[in-house]
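Below are the chains, spelled out letter by letter.
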Amino acid sequence: MTEPEPTARAGIQRMVAITRTDVGRKDVVVIGVSGELDLLTTQELEKQLSSALAPPNRVVVVDLSEVRFLGSAALSALLSSAESAGSNGIEFKLVAADRATLRPMEVTGISSNLTIFGSVDEALAGVG
Amino acid sequence: MGSRGTVAGNGSAMANRGIVVDGEDPAAASIGARDDVEVRLDARLEQLPLVRSVAVNIAMRADFDVDSISDLELAVDESCSVLITRARPGSTLACRFTLADDEIVFRAEVASPEPTPPSTSTFGWRVLSTLTDRVRCWVDGQDAHRVLYLELVKRRPVLSG
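Visitor: Before we go on, may I ask you to explain the overall build of chain A in this structure?
Guide: Along its length, chain A carries five helices and five strands. Starting at the N terminus, the α and β elements of chain A follow one another as α-β-β-α-β-α-β-α-β-α. Overall, the C-alpha framework of chain A stretches about 45 × 30 × 25 Å when taken along its three principal axes. Contacts in chain A between residues far apart in sequence, at least 24 positions, make up 68% of those at least 6 positions apart. Just so you have it, chain A exposes about 6,000 Å², and 51% of that area is on carbon and sulfur atoms. Side-chain charges in chain A split into 11 positive and 16 negative, and the spacing between the mean points of these groups amounts to 2 Å.

This is the structure:
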């Protein structure tokens, strides 16, 4: 997709915030997302995901607890990230705790292809 | 003779659709327009949150449950995304919510240069058909007057017990 126009860029920043949290481990990445993930704002998430899903990273956690809307572009991006992580030997984990995110993943059937946890702590438990 | 045939020359949006009707929107014929909600906005992706919030409000007002509200929000968002990404630059996206006894009908249209409706084999279309009770997309009109339509129906879930 081409770069969004300046007005679109301002719209994206109003709608979504995506931050990478340092958990003190070089090979573990936690990406926190808050806001609404639709066709426009998912472009931002895709950028972060594609840079995170590469060696030397071994575990990538995407925290969706603060996401209020999850559209089909985001569902599709999460699904293809899970596939690409799998083929690169990277563990891809999602954190989702409420209906706004769980319902879309369940009703479309993609939750069976994803690993979902209730909190970041749970997702990181047992990561050696 | 009423208004038959006048539509084609009256300069309204209807004139561009290449269909001849009795001067009324065929979809509205059997439904009272009193409770309809119409939203018209620039066909740009930045407008998606606005349409989503209208969809959520209407579903809440119609006493849909939490999951059905979420389903309608996602379906309306997907529909508008489909239309906006195929819209003629600078055009208007027109959306209409019709409230019936046990269902919400959402119908949207946009001027589009594309001669055929989008593929139904995409992930997005699968999401749309999973989340709704009925969905269809079609093209009407010729050349510069071509319009892309999308209509979906979400029924109120039957409460058990």
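Visitor: Sorry if this is basic, but what is going on with the sheet that holds strand β3 (residues 59-70) of chain A here?
Guide: Strand pairing in a sheet is mediated by backbone hydrogen bonds. Such pairs are either parallel or antiparallel. Residue and element names in this part refer to chain A. As summarised here, the arrangement of the five strands in space is β1-β2-β3-β4-β5, forming an open sheet in which the pairing is mixed. With one partner strand each, in any of the chains shown, β1 (16-21) and β5 (116-117) form the two edges of the open sheet. Note: strand β2 (residues 28-37) against β3, nine bridges, orientation parallel. Note that in β3 the partner of Ile-31 across the bridge is Val-62. Sheet strands in contact with helix α2 (residues 42-52) are β1, β2, β3 and β4 (91-95), and its direction is about 175 degrees off that of β2.

Visitor: Teacher, can you tell me more about unusual backbone geometry here?
Guide: Among all residues except glycine, the phi angle is most often negative; among peptide bonds, the trans geometry is most common. Along the chain, A:Pro55 connects to A:Pro56 via a cis peptide bond; the corresponding omega equals 5 degrees. Along the chain, the position of A:Pro56 falls in the loop between α2 and β3. One non-glycine residue, B:Asp63, lies in the positive phi region at around 60 degrees. By the secondary structure assignment, B:Asp63 is in the loop between α1 (48-61) and α2 (66-85). Judged by its relative accessible area of 62%, B:Asp63 is exposed. Positive phi, normally seen in glycine, also occurs at B:Asp143, with a value near 45 degrees.

Visitor: What is the right way to look at the interface of chain B and chain A in this model?
Guide: Where interface size is quoted, it is often the accessible area lost as the parts come together. Opposite the 21 residues of chain B that make contact, chain A presents 21 residues. Roughly 1,700 Å² is buried in total at the junction of chain B and chain A, and carbon and sulfur atoms are behind 62% of that figure. Three residues stand out in chain B for area buried against chain A, namely B:Glu46, B:Leu74 and B:Phe123, and they jointly supply 29% of the buried area on that side. Linking A:Arg99 and B:Asp67 is a salt bridge whose minimum nitrogen-to-oxygen distance equals 3.3 Å.

Visitor: Sorry, what's going on with the environment of A:Gly86 here?
Guide: Along the chain, the position of A:Gly86 falls in helix α3 (residues 72-87). Each C-alpha atom, one on A:Gly86 and one on A:Leu53, is 9.8 Å from the other, the two residues being 33 residues apart in sequence.

Visitor: Could you clarify how one ought to interpret the side chain of B:Ser112 in this entry?
Guide: Residues and elements named next belong to chain B. Mapped onto the fold, Ser-112 is located in the loop between β3 (103-111) and α3 (123-131). Looking at Ser-112, its side chain comes within polar contact range of the main-chain nitrogen of Glu-114, at 3.2 Å. In this view, Ser-112 contacts Arg-86, Arg-88, Arg-146, Val-147 and Leu-148; residues no more than four positions away in its chain are not counted.

Visitor: What exactly am I supposed to notice about the packing of aromatic side chains here?
Guide: Any two aromatic rings considered together are summarised by their centre-to-centre distance and by the angle between their planes. Tallied over the full model, the rule gives two aromatic pairs over all chains. Arranged with centres 4.9 Å apart and planes meeting at 50 degrees, the rings of B:Phe97 and B:Phe106 form a pair that is tilted. No difference in accessibility class separates B:Phe97 from B:Phe106, as the two residues are buried. Ring geometry for B:Trp138 versus B:Tyr149: centroids 5.1 Å apart, planes at 5 degrees, classification stacked. With B:Trp138 in strand β4 (residues 134-140) and B:Tyr149 in strand β5 (residues 147-155), the pair connects residues that are 11 residues apart, well separated along the chain. Judged by its relative accessible area of 2%, B:Tyr149 falls in the buried class. We note B:Arg52 situated over the ring of A:Phe69; from NZ or CZ to the ring centre the distance is 4.2 Å. It is B:Arg136 that lies over the ring of B:Trp138; its NZ or CZ is 4.2 Å from the centre.

Visitor: Sorry if this is basic, but what is going on with the nonpolar core here?
Guide: Within soluble globular proteins, side chains that are nonpolar generally end up buried alongside one another. Core analysis: the biggest nonpolar cluster contains 75 residues, and A:Val33, A:Phe92, A:Met105 and B:Leu93 have the highest contact counts within it. A per-element tally of this core places α2(B) first, with nine residues. Setting aside residues up to four positions removed in sequence, B:Leu93 forms contacts with B:Val39, B:Arg40, B:Leu41, B:Asp42, B:Ala43, B:Cys80, B:Leu83, B:Ile84, B:Ala108, B:Glu109 and B:Val110. Core analysis: the next-biggest nonpolar cluster, separate from the first, contains seven residues, A:Val59, A:Val95, A:Ala123 and A:Val127 among them.

Rules of the game
Residues numbered from 1 in each chain as written. Chains lettered and ligands numbered in written order. Predicted model: local features only at pLDDT ≥ 70, side-chain atom pairs only at ≥ 80, totals over all residues. Heavy atoms only, no water. Helix = DSSP H or I, 4+ residues; strand = E, 2+ residues; numbered from the N terminus. Contact = heavy atoms within 4.5 Å. Areas by Shrake-Rupley, 256 points an atom, 1.4 Å probe, with all protein chains shown as cover. Lys, Arg positive; Asp, Glu negative; His and termini not counted. Charge placed at Lys NZ, Arg CZ, Asp CG, Glu CD. Pairing = 2+ DSSP bridges. Axes fitted to C-alpha atoms, helices over the stretch in contact; angles between N-to-C directions. Buried < 20%, exposed > 50% of the residue type's maximum accessible area, 1.4 Å probe, protein only. Buried area = accessible area lost by both parts, 1.4 Å probe. Salt bridge = Lys/Arg side-chain N within 4 Å of Asp/Glu carboxyl O. Polar contact = N/O pair within 3.5 Å; in protein donor to acceptor, adjacent residues only side chain to side chain. Phe/Tyr/Trp six-rings, centres within 6.5 Å; stacked < 30°, edge-to-face > 60°. Lys NZ or Arg CZ within 6 Å of the ring centre and 35° of its normal. Core = buried A, V, L, I, M, F, W, Y, C linked by side-chain atoms within 4.5 Å.

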